[in-house]
Amino acid sequence: MKKIILLTGFEPFNKETINPSWEAVRQLDGWHEGEFVVHARQLPCVFGRALKVVHQAVEELQPSIVIAVGQAGGRVDMSIERVAINVDDAPIPDNQQRQLVDQPIVNGGPAAYFSTLPIKAIVHELREAGLPASVSQTAGTFVCNHVFYGLMHQAHEWGTTMRAGFIHIPYLPQQAAAHPGTASMKLEDVVEGLRIAVRTTLAHTVDVREAGGLTH
Ligand code: PCA
């Protein structure tokens, strides 16, 4: 039996008609890499429900690795998230018109969880491949951070060896055309970047030591 890598992407939100995260991960559904096979799942952009879909997929598939992916319009590169924080503070309503403010994701849960992906190695390999990438110090406080935190909490509670993390990606060029001045990445580059992220995760159980922080 093949081991499973779960990739998730989101449905469109905030008046967009497309979400590059789902467009990219769906292209990798069924991709075999050595003893691993990728399963892609779409998440609703809805607090609570998105996490439910993730929890169910993890229970059902028992993946070795989970990489959740989301759109971050305005970001300039593939942002490999370092940390998920235990708060929902939505700047806009979710797709069910709910706007949670300053609510813990898990009551009494730890303030934060770190990604267990080799984030520095992924940034290194993406840059080597000519793709823009950086470590990100915040996944925001909207549905993406919500899913990231809930996923890491699930991994922690279960005490599994499952490794998990989150990658934010920029707009597609067609979206950026409607938001002048914002950066974009072509879908095929994002798909290739995610392949690199998966391969790098498989190759590195321990992260590389390389500077990736910020002064502010
Ligand atoms: N991006 C949003 C939620 C869904 C998505 O693709 C976020 O960054 O929270």
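The rules behind each value
Residues numbered from 1 in each chain as written. Predicted model: local features only at pLDDT ≥ 70, side-chain atom pairs only at ≥ 80, totals over all residues. Heavy atoms only, no water. UniProt positions renumbered as here; feature names shortened; annotations may be inferred. Phe/Tyr/Trp six-rings, centres within 6.5 Å; stacked < 30°, edge-to-face > 60°. Helix = DSSP H or I, 4+ residues; strand = E, 2+ residues; numbered from the N terminus. Buried < 20%, exposed > 50% of the residue type's maximum accessible area, 1.4 Å probe, protein only. Pairing = 2+ DSSP bridges. Contact = heavy atoms within 4.5 Å. Axes fitted to C-alpha atoms, helices over the stretch in contact; angles between N-to-C directions.

Under an unreviewed UniProt entry, the name given to the chain is Pyrrolidone-carboxylate peptidase, and the organism recorded is Duganella radicis. Under Function (unreviewed entry), UniProt gives the following word-for-word description of the chain: "Removes 5-oxoproline from various penultimate amino acid residues except L-proline." The Catalytic activity (unreviewed entry) field of the UniProt record for the chain holds the comment "Release of an N-terminal pyroglutamyl group from a polypeptide, the second amino acid generally not being Pro."

Undergrad: So what's going on with the packing of aromatic side chains? Residues and values would help.
TA: One pass over the full model with this rule turns up four aromatic pairs. Ring geometry for Phe13 and Phe142: centres 5.9 Å apart, planes at 40°, overall tilted. Taken together, the positions of Phe13 in the loop between β1 (3–10) and α1 (20–27) and Phe142 in the loop between β8 (133–136) and α4 (143–158) put the pair 129 residues apart, joining distant regions of the chain. In this pair, the class of Phe13 matches that of Phe142, namely buried.

Undergrad: Kindly report on the sheet that holds β8, identifying the contributing residues and their values.
TA: Spatially, seven strands are ordered β2-β3-β1-β4-β9-β5-β8 in an open sheet, and the strand pairing comes out mixed. Every other strand in the sheet has two partners, leaving β2 (32–33) and β8 as the edge strands with one partner each. Looking at chain direction, β1 and strand β4 (residues 65–71) are connected through four bridges and run parallel. Across the sheet, residue Thr8 finds its bridge partner in β4, namely Ala68. The sheet contacts of α1 involve β1, β3 (36–43), β4 and β9 (163–169), and relative to β1 the element is tilted by about 155°.

Undergrad: Hey, could you go over the UniProt feature "active site" (unreviewed entry) in the chain for me, with residue numbers and the actual values?
TA: Within this numbering scheme, the UniProt entry marks Glu81, Cys144 and His168 as carrying the feature "active site" (unreviewed entry). These residues run over 88 residues, yet every pair of their C-alpha atoms falls within 10.5 Å of each other. For Cys144, the position within the fold is in helix α4. Owing to a relative accessible area of 10%, Cys144 belongs among the buried residues under this scheme. Residues contacting Cys144, with those up to four places away along its chain left out, are Phe10, Gly70, Ala139, Phe166 and His168. For His168, the position within the fold is in strand β9. Setting aside residues up to four positions removed in sequence, His168 forms contacts with Gly70, Gln71, Ala72, Arg75, Asp77, Met78, Ser79, Glu81, Ala139 and Cys144.

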